[in-house]
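Structural overview for review
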Amino acid sequence: APPPSTPTKAEQPGSLFSLTPFLPVHLTGTKYSCGSGGCGACTVMVSRYDPKTKKIHHYPVTACLVPICSLYGAAVTTVEGVGSIKTRIHPVQERLAKCHGTQCGFCSPGMVMSIYTLLRNHPEPTPEQITEALGGNLCRCTGYRPIVESGKTFCAESAVCQMKGSGKCCMDQEENISEVPFVFCFVEMCTKLYNEDEFQPFDPSQEPIFPPELIRMAEDPNKRRLTFRGKRTTWITPVNLNDLLELKTNFPEAPIIMGNTAVGPSIKFRDEFHPVFISPLGLQELYFVDSTDDGVTIGAGYSLAQLNDALHFIVSEQPKEKTKTYHALLKHLRTLAGAQIRNMATLGGHVVSRPNFSDLNPILAAGNATINLISKEGKRQIPLDGRFLEKSPEANLKSEETVLSVYIPHSTRWHFVSGLRIAQRQENAFAMVNAGMSVKFEDGTDTIKELQMFYGSVGPTVVSASKTCQQLTGRYWNDQMLSDACQLVLDEIYIPPDAEGGMVEYRRTLIISLLFKFYLKVRRGLNKMVRTTSLGLWFPDIPERFVSALEDFPIETPQGIQMFQCVDPYQPPQDPVGHPVMHQSAIKHTTGEAVFVDDIPPISQELFLAVVTSTRAHAKIILIDTSEALALPGVADVITAEDVPGDNNYQGEIFYAQNEVICVGQIVCTVAADTYAHAKEAAKKVRIVYEDLEPRIITIEQALEHNSFLSAEKKIEQGNVEQAFKHVDQIIEGEVHVEGQEHFYMETQTILAIPQEEDKEMVLHLGTQFQTHVQEYVAAALNIPRNRIACHTKRAGGAFGGKVSKPALLGAVSAVAANKTGRPIRFILERGDDMLITAGRHPLLGKYKIGFMNNGVIKAADIEYYINGGCTPDESELVMEFIVLRCENAYYIPNFRCRGRPCKTNLPSNTAFRGFGFPQGIVVSEAYITAVASQCNLTPEQVKEINMYKRTSRTVHKQIFNPEPLRRCWKECLEKSSFSARKLAAEEFNKKNYWKKRGLAVVPMKFTVGMPTTFYNQAAALVHIYLDGSVLVSHGGCELGQGLHTKMIQVASRELNIPESYIHLSETNTTTVPNATFTAGSMGADINGKAVQNACQILKARLQPVIRKNPKGTWEEWISEAYEESINLSTTGYFKGYQTNMDWKKGEGDAFPYFVYGASCSEVEVDCLTGAHKLLRTDIFMDAAFSINPAVDIGQIEGAFVQGMGFYTIEELKYSPEGVLYSRGPDDYKIPTVTEIPEEFNVTLVRSQNPIAIYSSKGLGEAGMFLGSSVLFAIYDAVAAARRERGLTKTFTLSSPATPELIRMTCVDQFTDMVRVVRRAPY
Ligand SMILES: Cc1cc2nc3c(=O)[nH]c(=O)nc-3n(C[C@H](O)[C@H](O)[C@H](O)COP(=O)(O)OP(=O)(O)OC[C@H]3O[C@@H](n4cnc5c(N)ncnc54)[C@H](O)[C@@H]3O)c2cc1C
Ligand code: FES
Ligand code: FES
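This write-up is about the structure you can find in this document. (Residues numbered from 1 in each chain as written. Chains lettered and ligands numbered in written order. Predicted model: local features only at pLDDT ≥ 70, side-chain atom pairs only at ≥ 80, totals over all residues. Heavy atoms only, no water.)

This part covers unusual backbone geometry. The step from Glu694 to Pro695 runs through a cis peptide bond, and the omega angle for that step is -5 degrees. For Pro695, the position within the fold is in the loop between β25 (687-692) and α21 (700-705). In the Ramachandran plot, Lys760 falls in the positive-phi region, its phi being about 60 degrees despite a non-glycine side chain. Here Lys760 shows up in the loop between β28 (750-755) and β29 (762-766). At Asp874, a residue that is not glycine, the phi angle is positive and equals roughly 40 degrees. For Asp874, the location among the structural elements is in the loop between β33 (858-870) and α26 (876-886). (Helix = DSSP H or I, 4+ residues; strand = E, 2+ residues; numbered from the N terminus.)

This brings us to the site of ligand 1. Inspection of the region around ligand 1 gives 31 residues, with Met258, Thr261, Thr346, Asp359 and Val403 positioned closest. In this structure, Gly259 approaches ligand 1 through a main-chain N or O atom, which is 2.9 Å from an oxygen atom. Note that an oxygen atom of ligand 1 is positioned 2.8 Å from one of the backbone N or O atoms of Asp359. Within the complex, 93% of the 980 Å² of free accessible area of ligand 1 lies under protein. At five residues, helix α12 (residues 347-353) tops the list of elements feeding residues into the shell around ligand 1. Among the residues making up the shell around ligand 1, the classes are represented as 17 nonpolar, 12 polar and two charged. (Near = heavy atom within 4 Å. Polar contact = N/O pair within 3.5 Å; in protein donor to acceptor, adjacent residues only side chain to side chain. Areas by Shrake-Rupley, 256 points an atom, 1.4 Å probe, with all protein chains shown as cover. Nonpolar A, V, L, I, M, F, W, Y, C, P; charged D, E, K, R; others polar.)

With nine of its 11 residues buried, α26 lies for the most part within the structure. Taken together, the buried residues of α26 touch β26 (714-718), β32 (844-852), β33, β34 (895-904), α27 (918-936) and β37 (996-1009). (Buried < 20%, exposed > 50% of the residue type's maximum accessible area, 1.4 Å probe, protein only. Contact = heavy atoms within 4.5 Å.)

All right, on to the side chain of Gln741 then. Structurally, Gln741 can be placed in the loop between β27 (730-738) and β28. For Gln741, a relative accessible area of 0% corresponds to the buried category. Polar contacts involving the side chain of Gln741 include one to the side chain of Glu1211, which spans 3.0 Å. Each residue touching Gln741, except ones within four places of it in the same chain, is listed here: Arg140, Gly840, Arg841, Phe913, Gln1203, Phe1207, Glu1211, Leu1213, Tyr1229 and Met1265.

In this structure the tally under the stated criterion is 40 aromatic pairs. Where Phe516 meets Phe1311, the ring centres are 4.9 Å apart and the plane angle is 45 degrees; that geometry is what we call tilted. In this pair, Phe516 sits in helix α17 (residues 504-533) while Phe1311 sits in helix α38 (residues 1310-1317), placing the two residues 795 residues apart along the sequence. A relative accessible area of 5% places Phe516 in the buried class. Residue classification places Phe1311 among the buried residues on the basis of a relative accessible area of 3%. Between Phe1015 and Tyr1016, the aromatic rings sit 4.8 Å apart at their centres with planes inclined by 45 degrees, giving tilted as the arrangement. Since its relative accessible area comes to 29%, Tyr1016 is described here as partly exposed. A cation over a ring is seen here: Lys803 above Tyr745, with NZ or CZ 4.4 Å from the ring centre. Over the aromatic face of Phe913 sits the side chain of Arg841, whose NZ or CZ is 4.2 Å from the ring centroid. (Phe/Tyr/Trp six-rings, centres within 6.5 Å; stacked < 30°, edge-to-face > 60°. Lys NZ or Arg CZ within 6 Å of the ring centre and 35° of its normal.)

So, on to the environment of Phe388. Relative to the helices and strands, Phe388 is located in helix α14 (residues 386-389). In this structure Phe388 comes out as buried when scored by relative accessible area, which is 0%. Put simply, Phe388 and Val463 are 75 residues apart on the chain and 9.8 Å apart in space, counted from C-alpha to C-alpha. Not counting chain neighbours up to four residues away, the residues in contact with Phe388 comprise Val351, Arg354, Ile371, Ile382, Pro383, Ala395 and Leu397.

Here is the structure:
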């Protein structure tokens, strides 16, 4: 185990208890992102030697939940131990990098560790094992496809071939080009983003050996009890079972720590405290499987992963009828948490902690499992039944008792056991409702002998529907029984309207929908059983149309084809432009050597900052009492508004709340202390007295009531809307709600502010998209000129718009603290604080009135938009301008009016987010197109086609554009995705399946790049050539994972005509390139590329005389010669900016430099009974013009699409009516994981011309986001099919996100009807 040494990483909450901060000096590869085991960024491999089997067991864990003391005797391998640039990189690291599986790189070490650990156990894994191994690792950038692909290169039969089994690629052999399905405008298309021939071979025998001294320790016959004493807590590891029982008697209140996945989060997030911990992890007596004729007994120490393996073995050995409980457990074990948690959490810990969402306990109870207990008093057995799960005091363990094992009986012939669950996400998400159900029949009949139903997530504990079950005993298993069962169970399991977690109607619907699924399964089982045994009995089978309701969606390994233009064969081989060049930092990402702000070693005297945020949405601050906090150990100071030397309220943004608070989450004060733990502890002791103020405005509707806005209305208009409404066949009106989104960048906002000795200088290291803004705010807060403030950004671990304006606010907050204390300040927002304070995408309300002809031609549209801007201006006005300017999307509507206003509310201020309003706004356009289609009995695709721009035209704001690439993307998308044929197939499927429905949708896109103001589009660069010929490029753009620096090196390489290896790009800072604009709006590479190009061209021109003199010379010779001739080898480069303008008074202007077009087609399958959906396939056609780097561009498109898909489907922020954000971490805010991405995911870069941009390229950072809405509208299509079949013909609006709850409740049926009418029985 690593020795507890100086923490190098910022000490995180609860860190005394977790491994992360104890990783030895300079091991910064293991990342900290959530601290709750939910993201996998901190994955490391633990290896233990088992003296019984003499085998070494390697497994992945999330270091943030691993108690350091639990690692005694274990070997821990971090990403540094796998490979490093300094020594040798490992094939896992190399392939993840070369397959373009890293963007920002913050998740990459965790990904490496998950794949590496899998390979240690399975050197030739299957693709399914790769997907399974990655289920606990979140990535917000890539969309997972390239990560999975890098893992697949290790599979026995490499499944990575882009040509789907042909084993060839157009780049390999010329004749294969004809095999490539698509050729556009005579542009040859490639499909190979990397060359696997470059991979070093993987030799599993070369891995480091397990330390022999740990084997000796494990086999030592004289082992003794281990005790670790901390300042406040003591950790004891018993030497054997008797010792454990002794300890349990002496410390009955001490928790037993096994996986720590239940205790750890309680300590970290719920302030639980225990003076003593007993950890029998590894105690031989708790690890065994004992199989008998009647069942199996499994040791309590078995991890859930080991339980999974044991059950798989039993299932392979036993006849099917005996293994129904095991099958049910296995199904849930596949999706319960991620691989890391499954390897940490134990059976004993799971059973005893009895979480209300437990996936296993309901099944164990339904399978009549029993718990074997042991104490000094002896052994006893208790049933794992309803009373135990409901925590009845008499059914509890005694405090001195330990769970030794769990006995699970075999199922029997006339006995059926099932596990059912639905979660917001297929894997690694707590169930919204789950159930374990079993029924025993009188032999040979369908008469119920014993029925058991246990539900999770419907109350504070797992609950048993025991009354219902009793009442149904003796009944036949038929429809009437089901109908009565539904009524009874709804009466018995009551979820109060204000229940924690909300979704009351949905959860009640699920209670009976899951029961119905069980009913169907059993009926099918009975039918099959009797048929196979020929007993002469016959139980009717379920209708064929119901069969698909039985199975959950399978988890498939994603695959797909990426197509892009081949490089011109005449292009010089050294010129990298157009090639899929790997991200400049990719290898460093995967080895963990890429430095993020938190990785900067501790600075002498540095202090950590913790925030105290408002708990009220709108209130007067009566008192801030800091006395108790200041008295705590290690606390240096508490900083409030009083300490701001300059402006505390700058441009409407408030650094520290003063006199009043205007949202929950507003920073009221900060505490600076020697460790984060001290700062955090003290922050809890700051007492603030509030007096609530009126009004408290939370929603858009409330803002409209109070006339509360952040800025004036923005409007654009063409034609005569009022007149046009008089001459149309039909008019429809509607409202669409689009909820907000959390950025969930993997690296939370992190700032290191270092006050300098002289002249009030301040240096800030931070991950931002807009250094100039940080400099401006810090200067304002400190009241010093900007030339004293230097901002440095090496890289940010994802940003997505969330690091445009917020780092300025947080930078000012930290700088004020640094200024007051005179010491460096390290300010790392915890995930929960980050989500609370920095807010995200604006929720939107769209109201539309559409006039159209019966043939689908839309004549008039009147649209109103409102967004929830939150409590300060931030960028809300600009976001609204962008929504209004772009809301027509791809459609020409001759009479069109669009108005919008940002609302001022008492929520944290919403901000920029990839797409900048477009992804929300355009849902409204697509929604009314869909509604028109439904009214005209046309398909949405027909209405889109009818109304789409067809020739060079002017937008509503009068900007001229040629939609030819749009038409091409649209056409190709329909054709190449075989849309019509698949639509017919889906209709066929829908006819045959009542409870599952398929839907398809294609969305076209006309998106924009850049800003409507020229000066925002300017950029500068600084290029130095050194005397050895090496080149240092600096520019004003920030590397956020989007590959900007990689592209800039490609540009410099082409312009200077030197290999990329000569060029270095170190960081972005305000001292080399001042006044840089934000890196956002998809224009980072566009504008900085022009500036770098300009600088390189200036240098190249200066070198021309030298080159002419010695044309055969080398670059180094020319540079040396130039120096001797006193030629300046350094220059700035400049791009003045695209000429854009917008006159809002006239509602006209050439607002954008150019447009990006695209289309995507998605197909989904929806489970009407649960609301779950599966994304079967997506095809994206994106107009990339000429891609400077197809790997980077495809990575942006895929990543943005998956982020968009999350936004439109599963990402759901929840607030209380009082404006308190509930979703503050990966446990309750679900971004897509590897299981959500399309099973088949094809992306094609469509070639076009864009002479205005560098190398005729296009900015593609954001465009993919909106294409995720094809999933939303495919879901709409599937739900519409279900509703039509159920006789519901009225047009409906599916708001965004289409969560399982929304889908289920929109698929109206007898179960939703029952829930809506059934009220609680009056007892
Ligand atoms: C990120 C994350 C995701 C999760 N997702 C899911 C999910 O999808 N579905 C689900 O069902 N669960 C999920 N869980 C919960 C997880 O299953 C439980 O936390 C886990 O099973 C507890 O086991 P443990 O060994 O970690 O318990 P510990 O935290 O070590 O201990 C838990 C409790 O059990 C007691 N205990 C442990 N062993 C014994 C014993 N042998 N005898 C007596 N008492 C004992 C301890 O005293 C303690 O009170 C998730 C947890 C995390 C952190
Ligand atoms: S930081 Fe450990 S799982 Fe997220
Ligand atoms: S690359 Fe995965 S989170 Fe950025």
